[in-house]
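One-letter residues, chain by chain:
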Amino acid sequence: LAKTTQPISMDSYEGQEVNITCSHNNIATNDYITWYQQFPSQGPRFIIQGYKTKVTNEVASLFIPADRKSSTLSLPRVSLSDTAVYYCLVGSPTGGFKTIFGAGTRLFVKA
Amino acid sequence: DGGITQSPKYLFRKEGQNVTLSCEQNLNHDAMYWYRQDPGQGLRLIYYSQIVNDFQKGDIAEGYSVSREKKESFPLTVTSAQKNPTAFYLCASSSAEGLAVYEQYFGPGTRLTVT
């Protein structure tokens with residue numbers, strides 16, 4: 001499983017766009033990138049998943065450059081309720097069930 | 001309403017006692033998982049099960065045991081052999097097909113305190 005590296009924490013203000021980058025230099029050809037969000041004392045929640053270029057849903061966008069060695073989760077116009085920990089995972093459809101959640105990035109949104 | 005339930009939300013035990021954490025899902029998922037989370041840390045995989053009557057150790061299985069007798073249920077027992085059992089325990093489930101493994105649905109968690 002490819003190892004991922006994320007910033008430990010980030011601060012932002014309400015209404016700003018937030019970009020959280022995840023580094024995965026050893027990503028394999030078949031690997032996909034998945035992001036989760038976790039609020040305090042709750043289980044993580046799936047946000048978005050992608051393989052290359054750009055994926056967008058109602059919550060976020062995921063940008064993946066051509067070399068796929070990193071990915072960026074973009075949260076448009078954050079609010080106080082977006083304060084959470086965000087996890088980046090990398091794995092393939094045939095990679096098995098041993099998912100690895102790293103320490104994640106703690107995003108703190110200020111008023 | 002489909003989802004995962006974990007009970008209880010808070011659990012207190014004395015050192016040396018075994019304790020069983022409940023996890024039930026009605027999402028018709030084949031795969032289920034148990035994670036442990038310590039304060040300020042990420043999730044660590046304890047056990048996972050791909051299908052009924054089968055389960056595999058994760059990264060920190062020592063001191064824990066599981067069973068998977070029914071598709072809907074995946075209870076976790078924290079035994080007295082677990083040296084530092086106080087933690088937040090999360091159960092999850094997913095389809096067992098391909099990429100769906102990475103779209104896991106989590107329960108609300110059980111916070112276990114052992115004194």
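Please read all numbers here as calculations on a predicted model, not as lab measurements.

Conventions used here
- Residues numbered from 1 in each chain as written.
- Chains lettered and ligands numbered in written order.
- Predicted model: local features only at pLDDT ≥ 70, side-chain atom pairs only at ≥ 80, totals over all residues.
- Heavy atoms only, no water.
- Helix = DSSP H or I, 4+ residues; strand = E, 2+ residues; numbered from the N terminus.
- Rg over C-alpha atoms; globule rule 2.2 N^0.38 Å.
- Buried < 20%, exposed > 50% of the residue type's maximum accessible area, 1.4 Å probe, protein only.
- Contact = heavy atoms within 4.5 Å.
- Buried area = accessible area lost by both parts, 1.4 Å probe.
- Polar contact = N/O pair within 3.5 Å; in protein donor to acceptor, adjacent residues only side chain to side chain.
- Phe/Tyr/Trp six-rings, centres within 6.5 Å; stacked < 30°, edge-to-face > 60°.
- Lys NZ or Arg CZ within 6 Å of the ring centre and 35° of its normal.
- 1 Å grid on protein atoms, 1.4 Å probe; cavity = no way out; pocket = protein on both sides within 12 Å on 5 of 7 lines; lining within 4 Å.
- Points joined across faces, edges and corners; volume = space filled by probe spheres on them.
- Nonpolar A, V, L, I, M, F, W, Y, C, P; charged D, E, K, R; others polar.

Draft legend 1. Layout of the overall build of chain B. Each helix and strand in chain B was counted, giving zero helices and eleven strands. Going from N to C terminus, chain B has its helices and strands arranged as β-β-β-β-β-β-β-β-β-β-β. For chain B, the C-alpha radius of gyration of 13 Å lies close to 13 Å, the compact-globule estimate for 115 residues. Oriented by its inertia axes, the alpha-carbon framework of chain B measures out at about 40 × 25 × 25 Å. For chain B, the residues scored as buried account for 49% of the 115 residues in total.

Draft legend 2. Quick peek at the interface of chain A and chain B. Contact residues are listed per partner, giving 23 residues for chain A and 27 residues for chain B. Across the chain A/chain B interface, buried area totals approximately 2100 Å², and carbon plus sulfur atoms make up 58% of it. A per-residue breakdown of the area chain A buries against chain B is headed by Phe97(A), Lys98(A) and Thr99(A), which together make up 32% of the total. Inspection of the chain A/chain B interface yields eight residue pairs in polar contact (both at pLDDT 80 or more). Among the elements of the structure, β3 (32-38), β4 (45-50) and β8 (84-91) of chain A are those that each provide at least two residues to the side of chain A that touches chain B. Looking at the side of chain A that touches chain B element by element, the count peaks at four residues for β3(A).

Draft legend 3. Looking closely at the packing of aromatic side chains. What the rule picks out here adds up to eleven aromatic pairs over all chains. On the numbers, 6.1 Å between centres and 85 degrees between planes, the contact of Tyr36(A) with Phe106(B) is edge-to-face. With one member in each of two chains, Tyr36(A) in strand β3 and Phe106(B) in strand β10 (residues 105-106) form a pair that bridges those chains. Owing to a relative accessible area of 0%, Tyr36(A) belongs among the buried residues under this scheme. For Phe106(B), a relative accessible area of 14% puts it in the buried group. It is Arg68(A) that lies over the ring of Tyr51(A); its NZ or CZ is 4.0 Å from the centre. The ring of Phe88(B) has Arg111(B) lying over it, and the distance from NZ or CZ to the ring centre is 4.5 Å.

Draft legend 4. Local environment of empty space enclosed by the protein. All chains considered together, the criterion is met by one cavity of 30 Å³ or more. The computed volume of the largest cavity comes to approximately 40 Å³. The residue makeup of the lining of the largest cavity, split by class, is three nonpolar, two polar and two charged.

Draft legend 5. Seen up close, the layout of surface pockets. Volume-wise, the largest pocket comes out at about 310 Å³. Taken together, 20 residues form the lining of the largest pocket, with Phe39(A), Pro40(A), Ser41(A), Val85(A) and Arg106(A) sitting closest to its centre. Put simply, the parts of the chain that give the lining of the largest pocket at least two residues each are β8 and β9 (105-110) of chain A together with β9 (87-94) of chain B. Residues belonging to the lining of the largest pocket are distributed by class as follows: ten nonpolar, seven polar and three charged.

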